[in-house]
Amino acid sequence: STANAPEDDAPNRYSRTERTTYSRYSRDANSSGSSLPSNTLEKRIEELERELAKERQENARLMKMTQDKEELIGKLKEEIDLLNR
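Residues numbered from 1 in each chain as written. Predicted model: local features only at pLDDT ≥ 70, side-chain atom pairs only at ≥ 80, totals over all residues. Heavy atoms only, no water.

- In the annotation of an unreviewed UniProt entry, the protein chain is listed under the name PAWR protein and assigned to Furnarius figulus.

So this is what it looks like as structure tokens:
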């Protein structure tokens with residue numbers, strides 16, 4: 001059950017990160033809106049959203065690999081126990 005704890009926390013971590021990122025860009029847009037065109041900010045946000053999507057995919061892949069390896073370790077431990085008996 002401890003192996004599932006990081007996975008359960010992942011959606012909360014993402015939503016917190018998204019809120020922080022969004023509020024930071026909202027502040028930046030309000031404070032420097034006159035110096036940077038809104039389309040530049042929109043393009044930057046789109047670029048960051050694509051990067052976030054890639055990082056989420058990589059994170060999901062790594063979490064799956066970790067889960068698979070943990071399952072394999074469990075099976076090997078069971079096999080070792082059987083062999084020791």
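From this point, the narrative continues.
1. Here's the deal with the overall build of the protein chain
At step 1: Across its full length, the protein chain carries two helices and zero strands.
At step 2: Within the span of the protein chain, comprising 85 residues, buried residues form 4% of the whole.
At step 3: Total accessible area on the protein chain is roughly 7400 Å²; 53% of this is exposed by carbon and sulfur atoms. (Helix = DSSP H or I, 4+ residues; strand = E, 2+ residues; numbered from the N terminus. Buried < 20%, exposed > 50% of the residue type's maximum accessible area, 1.4 Å probe, protein only. Areas by Shrake-Rupley, 256 points an atom, 1.4 Å probe, with all protein chains shown as cover.)

2. What about the pattern of salt bridges?
At step 1: Overall, the coordinates contain three salt bridges when judged by the stated rule.
At step 2: For Lys64, the salt bridge goes to Asp68, with nearest N and O atoms at 2.8 Å. You can see Lys64 and its partner Asp68 sitting in helix 2 (residues 38-84), four residues apart, about one turn around the helix.
At step 3: Residue class for Lys64 comes out partly exposed when judged on its relative accessible area of 46%. (Salt bridge = Lys/Arg side-chain N within 4 Å of Asp/Glu carboxyl O.)

3. Some words on the confidence of the model for the protein chain
At step 1: Looking at the protein chain as a whole, its pLDDT mean stands at 79, while 59% of the residues score no less than 70.
At step 2: pLDDT under 50 marks residues 1-5. Its contacts with residues more than four places away, or in other chains, come to one contact. (pLDDT = per-residue confidence, 0-100. Contact = heavy atoms within 4.5 Å.)

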